[in-house]
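Single-letter residue listing:
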Amino acid sequence: ERASSIHGENIKRIHSIDFMRIIMAFLVVTIHFPFAGKAGQVFITYGKVAVPFFFMVCGYFLFREYSKEMMTRLVKQAKRMLLLYVTSNLFYFAFFTLYERITEGNLNGITACFTRKALIDFLLYNLSPFTEHLWFLGSLLYALVIMIVLNKVGILKKVMFTGPALIAAYDD
């Protein structure tokens with residue numbers, strides 16, 4: 001284990017988690033890469049564990065024994081994730097606006113993204129018309145907000161123990 005400092009906080013590297021993150025990142029890539037035949041099915045089957053793994057690792061590193069300390073970390077991470085999520089959506093909005101203007105000569109496709117239904121889908125269901133491939137950011141932000149609410153009412157640590165059961169029950 002190697003100690004390092006992130007934002008003034010001493011942490012120890014956990015090499016087994018780093019190694020698993022590399023494997024899971026590879027599996028995420030393989031899910032999105034078209035493999036033919038049984039090899040493709042194997043990658044997709046095993047690749048489905050990657051997203052729950054990344055959520056659990058985030059929770060592991062956010063966890064603190066004391067609720068007040070944990071709340072501070074949750075709020076800090078939620079602010080960072082919100083900034084990243086908004087910035088990425090604004091970037092892709094600008095990119096697709098420019099792209100549509102150049103290729104189509106109008107902005108009809110972009111204006112369709114601002115209907116009432118599209119905005120509700122974006123806010124409630126994390127369905128961004130610009131950044132479909134970055135759904136993980138919105139999902140992680142929602143998870144952080146839910147954790148903040150559960151921590152505020154004092155049941156977060158009890159609810160966290162249901163996580164593995166919910167992941168085991170997940171069927172895609």
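Residues numbered from 1 in each chain as written. Predicted model: local features only at pLDDT ≥ 70, side-chain atom pairs only at ≥ 80, totals over all residues. Heavy atoms only, no water.

S.K.: Describe in detail a nonpolar patch on the surface, supporting the description with residues and values.
M.R.: Taken together, the side chains of I120, L123, L124, Y125 and L127 define a hydrophobic patch exposed on the protein surface, amounting to about 530 Å² of accessible area. Positionally, L127 belongs in the loop between α6 (116-125) and α7 (135-152). (Patch = residues over 30% accessible without salt bridge, like charges linked within 9 Å, V, L, I, M, F, W, Y side chains within 5 Å. Areas by Shrake-Rupley, 256 points an atom, 1.4 Å probe, with all protein chains shown as cover. Salt bridge = Lys/Arg side-chain N within 4 Å of Asp/Glu carboxyl O. Helix = DSSP H or I, 4+ residues; strand = E, 2+ residues; numbered from the N terminus.)

S.K.: Got a sec to walk through the layout of surface pockets? Specific residues and values, please.
M.R.: Counted as a void, the second largest pocket has a volume near 260 Å³. Taken together, 17 residues form the lining of the second largest pocket, with Y85, N89, F122, S128 and F130 sitting closest to its centre. Looking at which element gives the most residues to the lining of the second largest pocket, the answer is helix α4 (residues 67-104), with six residues. Residues belonging to the lining of the second largest pocket are distributed by class as follows: 15 nonpolar, two polar and no charged. (1 Å grid on protein atoms, 1.4 Å probe; cavity = no way out; pocket = protein on both sides within 12 Å on 5 of 7 lines; lining within 4 Å. Points joined across faces, edges and corners; volume = space filled by probe spheres on them. Nonpolar A, V, L, I, M, F, W, Y, C, P; charged D, E, K, R; others polar.)

S.K.: Tell me about the nonpolar core, and name the residues and values.
M.R.: One finds M70, L74, M81, L144, M147, I148 and L156 to be the most contacted residues of the largest nonpolar core, which totals 15 residues. Secondary-structure elements contributing two or more residues to this core are α4 and α7. Considering every element that reaches this core, the biggest residue donor is α7, with seven residues. Excluding residues that lie within four positions of it along the chain, L74 makes contacts with L62, L144, M147, I148, N151 and L156. Ranked by size, the runner-up nonpolar core spans six residues in total, among them I17, L27, A50 and V57. (Core = buried A, V, L, I, M, F, W, Y, C linked by side-chain atoms within 4.5 Å. Buried < 20%, exposed > 50% of the residue type's maximum accessible area, 1.4 Å probe, protein only. Contact = heavy atoms within 4.5 Å.)

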